[in-house]
Amino acid sequence: MLRTPAEGCVAVVDGGASLHSALLGDLMAERARVNGWAGDILHADQDGVVLLPTT
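Residues numbered from 1 in each chain as written. Predicted model: local features only at pLDDT ≥ 70, side-chain atom pairs only at ≥ 80, totals over all residues. Heavy atoms only, no water.

Description of the pairing of strand β1 (residues 10-14)
- Relative to strand β2 (residues 39-43), β1 runs parallel, the two sharing five bridges. Bridge assignment links Val-10 to a residue of β2, and that residue is Gly-39.
- The handedness of the β1 to β2 crossover, carried by helix α1 (residues 26-34), is right-handed. (Pairing = 2+ DSSP bridges. Helix = DSSP H or I, 4+ residues; strand = E, 2+ residues; numbered from the N terminus. Right-handed = clockwise from strand over helix to strand, strands pointing away.)

Quick look at the structure:
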(Lines give C-alpha, C1' and ligand atoms only; values in the text may rest on other atoms or scores of the structure.)
Protein backbone atom coordinates (compact mmCIF):
# COMPACT_ATOMS: atom_id res chain seq x y z
CA MET A 1 0.00 0.00 0.00
CA LEU A 2 2.76 2.50 0.88
CA ARG A 3 4.32 2.04 -2.57
CA THR A 4 1.28 3.80 -4.01
CA PRO A 5 1.57 7.58 -4.46
CA ALA A 6 -0.96 9.10 -2.04
CA GLU A 7 -0.31 12.81 -1.61
CA GLY A 8 -1.60 13.90 1.79
CA CYS A 9 -3.19 10.55 2.76
CA VAL A 10 -2.79 8.88 6.15
CA ALA A 11 -2.25 5.12 6.64
CA VAL A 12 -4.07 3.56 9.60
CA VAL A 13 -2.67 0.30 11.02
CA ASP A 14 -4.50 -1.64 13.74
CA GLY A 15 -1.93 -3.83 15.46
CA GLY A 16 -4.20 -4.58 18.42
CA ALA A 17 -1.58 -3.13 20.79
CA SER A 18 0.52 -6.22 20.14
CA LEU A 19 3.90 -6.62 21.82
CA HIS A 20 4.94 -9.35 19.39
CA SER A 21 5.27 -7.76 15.96
CA ALA A 22 6.61 -4.66 14.29
CA LEU A 23 4.02 -2.58 12.47
CA LEU A 24 6.04 0.00 10.58
CA GLY A 25 9.79 0.01 10.11
CA ASP A 26 12.13 2.71 8.90
CA LEU A 27 12.20 1.45 5.30
CA MET A 28 8.40 1.40 5.05
CA ALA A 29 8.17 4.85 6.64
CA GLU A 30 10.67 6.24 4.14
CA ARG A 31 8.76 4.66 1.25
CA ALA A 32 5.56 6.32 2.49
CA ARG A 33 7.32 9.69 2.82
CA VAL A 34 8.76 9.51 -0.70
CA ASN A 35 5.31 8.66 -2.08
CA GLY A 36 3.68 11.68 -0.42
CA TRP A 37 1.89 10.05 2.51
CA ALA A 38 1.15 12.65 5.20
CA GLY A 39 1.48 10.24 8.12
CA ASP A 40 0.63 7.01 9.87
CA ILE A 41 -1.67 6.20 12.76
CA LEU A 42 -0.67 3.01 14.57
CA HIS A 43 -2.56 1.13 17.27
CA ALA A 44 0.46 -0.44 18.90
CA ASP A 45 2.36 -0.86 22.13
CA GLN A 46 4.65 2.06 22.96
CA ASP A 47 7.81 0.01 23.53
CA GLY A 48 10.33 0.62 20.78
CA VAL A 49 8.63 3.72 19.40
CA VAL A 50 10.99 5.91 17.42
CA LEU A 51 10.01 9.22 15.89
CA LEU A 52 11.47 9.72 12.42
CA PRO A 53 12.60 13.18 11.34
CA THR A 54 10.63 15.05 8.72
CA THR A 55 12.19 16.83 5.78
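Structure's up, so let's keep going.
Notes on the confidence of the model for the chain
- Counting all residues, the mean pLDDT for the chain is 81, and 82% of those residues have values of 70 or more.
- When mean pLDDT is taken per element in the chain, β1 scores highest with 89 and β2 scores lowest with 83. (pLDDT = per-residue confidence, 0-100.)

Considering the pattern of salt bridges
- Scanning the entire structure with this criterion turns up one salt bridge.
- Measuring nitrogen to oxygen at the nearest pair gives 2.7 Å for the salt bridge that ties Glu-30 to Arg-33. Of this pair, Glu-30 and Arg-33 both sit in helix α1, three residues apart, which is roughly one turn of the helix. (Salt bridge = Lys/Arg side-chain N within 4 Å of Asp/Glu carboxyl O.)

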